[in-house]
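One-letter residues, chain by chain:
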Amino acid sequence: DAGITQSPRYKITETGRQVTLMCHQTWSHSYMFWYRQDLGHGLRLIYYSAAADITDKGEVPDGYVVSRSKTENFPLTLESATRSQTSVYFCASSESITPSPLHFGNGTRLTVT
Amino acid sequence: AQSVTQLGSHVSVSEGALVLLRCNYSSSVPPYLFWYVQYPNQGLQLLLKYTTGATLVKGINGFEAEFKKSETSFHLTKPSAHMSDAAEYFCAVTINPNFGNEKLTFGTGTRLTIIP
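Residues numbered from 1 in each chain as written. Chains lettered and ligands numbered in written order. Predicted model: local features only at pLDDT ≥ 70, side-chain atom pairs only at ≥ 80, totals over all residues. Heavy atoms only, no water.

Enquirer: Please explain the overall build of chain A as it appears in this structure.
Expert: When you go through chain A residue by residue, the secondary structure sums to zero helices and eleven strands. In sequence order, chain A lays out its α and β elements as β-β-β-β-β-β-β-β-β-β-β. Compactness check: chain A gives a C-alpha radius of gyration of 13 Å against a globular reference of 13 Å for 113 residues, within 12% of the reference. Taken over the C-alpha atoms alone, chain A extends approximately 35 × 25 × 25 Å along its principal axes. Taking all 113 residues of chain A together, 48% fall into the buried category. Intrachain contacts of chain A at a sequence separation of at least 6 include 55% that bridge at least 24 residues. Total accessible area computed for chain A in this model is approximately 5500 Å², and 48% of it derives from carbon and sulfur atoms. The positive charge centre, built from 10 side chains, and the negative charge centre, built from 10, are 8 Å apart in chain A. (Helix = DSSP H or I, 4+ residues; strand = E, 2+ residues; numbered from the N terminus. Rg over C-alpha atoms; globule rule 2.2 N^0.38 Å. Buried < 20%, exposed > 50% of the residue type's maximum accessible area, 1.4 Å probe, protein only. Contact = heavy atoms within 4.5 Å. Areas by Shrake-Rupley, 256 points an atom, 1.4 Å probe, with all protein chains shown as cover. Lys, Arg positive; Asp, Glu negative; His and termini not counted. Charge placed at Lys NZ, Arg CZ, Asp CG, Glu CD.)

Listed below in structure tokens is the structure:
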């Protein structure tokens, strides 16, 4: 089915470990985004990508790395996880630079112990 | 700079009652405004949006919102609440022109509870 898929849905990792969250979309949307959702903060943008091989920082990029070698995939890596990165992470995509709707995945709940 | 404030992190209404979720924005230029809904254990989905033109916009599931420039508000309403409306609602703003979702600012959300 068409859509945006995130994996894993749940992840528990230890402080200092590297972890990668996966995101795959089937719409061929040019734009993709990573957000984190924390109580009291709403959604905050971590990184976004306008096209394959084009990425840029959002509001809270520190401690995260992204890549986009293919249009459909946009993985997010925590190079050395910290407890402050415990959060729910959402991947989203949209069609163009004008404010077209964001299409979200179902999220990854990450716990860093 | 732009910002959005959602008044009330939790709102409870009885089934069949009016739903009113408040959103105020701050923007130095005409904004684009959005309401997104998040059902439990799911991602957000668009309810409705205002870009230009008619200030009363209708969305999915019977929701509507009115852009009031003089009040810098974009409140979300539904005449009669249904149990299935229980969710978290996010207001979001971005400024035009030529800015996209990378400039979208979300509010902190309002959790709507429906009382049977």
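Enquirer: Just checking my understanding: could you explain the overall build of chain B for this structure?
Expert: For chain B, the count of helices and strands is zero helices and eleven strands. In chain B, the succession of helices and strands from N to C terminus is β-β-β-β-β-β-β-β-β-β-β. Relative to its length of 116 residues, chain B is compact, with a C-alpha radius of gyration of 14 Å against a globular reference of 13 Å. Once the C-alpha set of chain B is aligned to its principal axes, its extents read approximately 45 × 30 × 20 Å. Within chain B, buried positions represent 47% of all 116 residues. Taking the intrachain contacts of chain B between residues at least 6 apart in sequence as the baseline, contacts between residues at least 24 apart amount to 57%. Surface summary for chain B: the accessible area is close to 5400 Å², and the carbon and sulfur share equals 53%.

Enquirer: Would you explain the interface of chain B and chain A in this entry?
Expert: Across the contact, 21 residues belong to chain B and 23 residues belong to chain A. Together, the buried faces of chain B and chain A total about 1700 Å²; carbon and sulfur atoms form 58% of this surface. When the buried surface of chain B facing chain A is broken down by residue, N101(B), E102(B) and F106(B) rank first, second and third, together holding 35% of it. Taken together, chain B and chain A are joined by zero salt bridges. Summed over the shared surface of chain B and chain A, the result is seven residue pairs in polar contact (both at pLDDT 80 or more). (Buried area = accessible area lost by both parts, 1.4 Å probe. Salt bridge = Lys/Arg side-chain N within 4 Å of Asp/Glu carboxyl O. Polar contact = N/O pair within 3.5 Å; in protein donor to acceptor, adjacent residues only side chain to side chain.)

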